[in-house]
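Okay, here's what each chain looks like letter by letter:
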Amino acid sequence: MELIKFLSLPMLSGVLLSLAAGPLGSLMVWRRMAYFGDTVAHSALLGVALALLLNADNTLMVGLVALGVAGLLWLAEYKALMATDTLLGILSHTALAVGMIVFSISPNQQVSLTGLLFGDILLIDTAQIIWIATVAITAALLATIRWRALVLMTLSEDLAAAEGVGVKRHRWLLASMIAITVATAIPVVGILLITALLIIPAATARYWANTPSQMAIIAAFICSIGVVFGLIGAVWFNLPSGPTVVVILTSCYTVSRLIRRPA
């Protein structure tokens with residue numbers, strides 16, 4: 001009972017994030033956007049460093065930087081400035097490098113760099129839970145409301161446009177939802193592992209789902225299972241929480257791959 005009570009807030013935050021991770025992760029797998037998730041995650045370090053340097057709100061600054069990265073990607077795709085993977089590579093490593101530089105010169109270094117990189121969900125407080133709940137539920141609702149348009153755009157942007165879907169608008173919607181969700185989820189598994197929380201459950205769900213909607217729901221369920229059992233394992237065996245969650249999710253993927261074939 002004491003263990004469950006201690007883990008109640010971290011588990012709640014993970015389950016709430018799973019509501020958004022299911023549909024968004026599925027769309028990321030279909031659109032091969034894993035590198036985009038990594039880029040946004042790396043930019044979060046820059047957001048934290050700027051918050052320390054400017055004495056600003058940490059969550060707000062990380063969200064603004066993440067949205068800035070999403071905006072740059074959207075603009076580059078819209079203007080066809082360069083190949084998407086090239087732009088993501090530049091943004092990812094530049095944001096990480098500049099973030100480390102700003103972090104090193106900041107006079108206020110009260111944030112644990114290890115916690116940022118690998119997460120520490122066990123330290124989540126009530127205020128963070130409220131913010132996570134707000135972002136996760138909003139992202140899940142938006143994805144649900146615009147699900148048909150987002151799936152159609154993923155299948156074929158030309159077909160989506162012919163059906164009256166605003167492709168550019170929905171590209172921005174998807175990128176911004178992923179950016180804010182990734183920025184919000186960093187306390188769970190950290191900057192280096194955050195994309196795993198979105199990609200691995202969705203990749204696992206492919207082995208059990210027959211439709212896009214089923215895949216999103218199953219992915220959310222698998223993500224929740226990974227967080228719950230990962231936290232229990234981390235506390236029970238005195239392991240780091242973020243990496244343990246990722247190992248549990250990877251185990252689910254491995255087992256699914258061994259016993260099922262993708263639909």
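Refer to the preceding data block for the structure.
First, a word on what this report is: a plain description of the structure on this page. A quick note: this is a predicted structure, and the numbers were derived from the prediction, not measured. (Residues numbered from 1 in each chain as written. Predicted model: local features only at pLDDT ≥ 70, side-chain atom pairs only at ≥ 80, totals over all residues. Heavy atoms only, no water.)

On a plain count of helices and strands, the chain comes out with 12 helices and 0 strands. Traced from its N-terminal end to its C-terminal end, the chain shows the element sequence α-α-α-α-α-α-α-α-α-α-α-α. Relative to the globule expectation of 18 Å for 263 residues, the C-alpha radius of gyration of the chain, 18 Å, shows essentially globular dimensions. Structurally, the chain occupies a C-alpha span of about 50 × 45 × 30 Å along its principal axes. Sorting the 263 residues of the chain into buried and exposed places 49% on the buried side. Long-range contacts, defined as pairs at least 24 residues apart, comprise 76% of the intrachain contacts of the chain with a sequence gap of at least 6. When the accessible surface of the chain is totalled, it reaches about 12,700 Å², and 67% of it is carbon and sulfur. Of the side chains in the chain, 13 bear a positive and 10 a negative charge, and the two mean positions are spaced by 12 Å. (Helix = DSSP H or I, 4+ residues; strand = E, 2+ residues; numbered from the N terminus. Rg over C-alpha atoms; globule rule 2.2 N^0.38 Å. Buried < 20%, exposed > 50% of the residue type's maximum accessible area, 1.4 Å probe, protein only. Contact = heavy atoms within 4.5 Å. Areas by Shrake-Rupley, 256 points an atom, 1.4 Å probe, with all protein chains shown as cover. Lys, Arg positive; Asp, Glu negative; His and termini not counted. Charge placed at Lys NZ, Arg CZ, Asp CG, Glu CD.)

Positive phi, normally seen in glycine, also occurs at arginine 32, with a value near 55°. In this fold, arginine 32 is placed in the loop between α1 (2-31) and α2 (34-54). One non-glycine residue, asparagine 55, lies in the positive phi region at around 55°. Relative to the helices and strands, asparagine 55 is located in the loop between α2 and α3 (58-79).

Looking at the largest pocket, its volume works out to about 580 Å³. Surrounding the largest pocket, 23 residues form its lining, Asn58, Leu116, Gln128, Ile186 and Pro187 being those nearest its centre. Ranked by residues supplied to the lining of the largest pocket, first place goes to helix α9 (residues 167-189) with 5 residues. For the lining of the largest pocket, the residue count by class is 13 nonpolar, 8 polar and 2 charged. (1 Å grid on protein atoms, 1.4 Å probe; cavity = no way out; pocket = protein on both sides within 12 Å on 5 of 7 lines; lining within 4 Å. Points joined across faces, edges and corners; volume = space filled by probe spheres on them. Nonpolar A, V, L, I, M, F, W, Y, C, P; charged D, E, K, R; others polar.)

Structurally, threonine 181 is set in helix α9. At 2.7 Å, the side chain of threonine 181 forms a polar contact with the backbone oxygen of methionine 177. Not counting chain neighbours up to four residues away, the residues in contact with threonine 181 comprise Ala20, Leu24, Val135 and Ala139. (Polar contact = N/O pair within 3.5 Å; in protein donor to acceptor, adjacent residues only side chain to side chain.)

With that settled, consider empty space enclosed by the protein. Under the defined criterion, the tally for this structure stands at 1 cavity of 30 Å³ or more. Considering only enclosed or pocket space, the largest cavity measures out at about 40 Å³ in volume. Lining the largest cavity are Leu17, Ala21, Thr181, Ala185, Ile194, Leu197 and Leu198. Elements that contribute at least two residues to the lining of the largest cavity include exactly α1, α9 and α10 (194-205).

The subject of this paragraph is the packing of helix α7 (residues 147-155) against α9. Where α7 contacts α9, the two axes come as close as 10 Å, and the packing angle between them is 105°. Comparing their axes, α9 and α7 come out roughly perpendicular. Contacts from Ala149, Leu150 and Met153 of α7 reach α9 at Val167, His170, Arg171, Leu174 and Met177. Here the residues of the contact of α7 with α9 sort into 6 nonpolar, 1 polar and 1 charged. (Axes fitted to C-alpha atoms, helices over the stretch in contact; angles between N-to-C directions. Parallel < 35°, antiparallel > 145°, perpendicular 65-115°, else oblique.)

By the secondary structure assignment, isoleucine 137 is in helix α6 (residues 126-145). The class of isoleucine 137 is partly exposed, set by a relative accessible area of 39%. Setting aside chain neighbours within four positions, we find isoleucine 137 in contact with Leu16 and Leu19.

Time to look at the nonpolar core. Within soluble globular proteins, side chains that are nonpolar generally end up buried alongside one another. Of all hydrophobic cores here, the largest spans 83 residues; its most connected members are Leu24, Phe36, Leu174, Ile178, Val189 and Leu197. With near-sequence residues (within four places) excluded, leucine 197 lies in contact with Ala21, Ala185, Val188, Val189, Cys223, Val227, Val245 and Leu249. (Core = buried A, V, L, I, M, F, W, Y, C linked by side-chain atoms within 4.5 Å.)

Judged by side-chain polarity, Leu19, Ile137, Leu141 and Ile145 come together as a nonpolar surface patch covering roughly 380 Å² of accessible area. In terms of residue count, α6 provides more of the nonpolar patch than any other element does, 3 residues in total. Along the chain, the position of leucine 19 falls in helix α1. Residue leucine 19 is classed as partly exposed on the basis of its relative accessible area of 41%. (Patch = residues over 30% accessible without salt bridge, like charges linked within 9 Å, V, L, I, M, F, W, Y side chains within 5 Å. Salt bridge = Lys/Arg side-chain N within 4 Å of Asp/Glu carboxyl O.)

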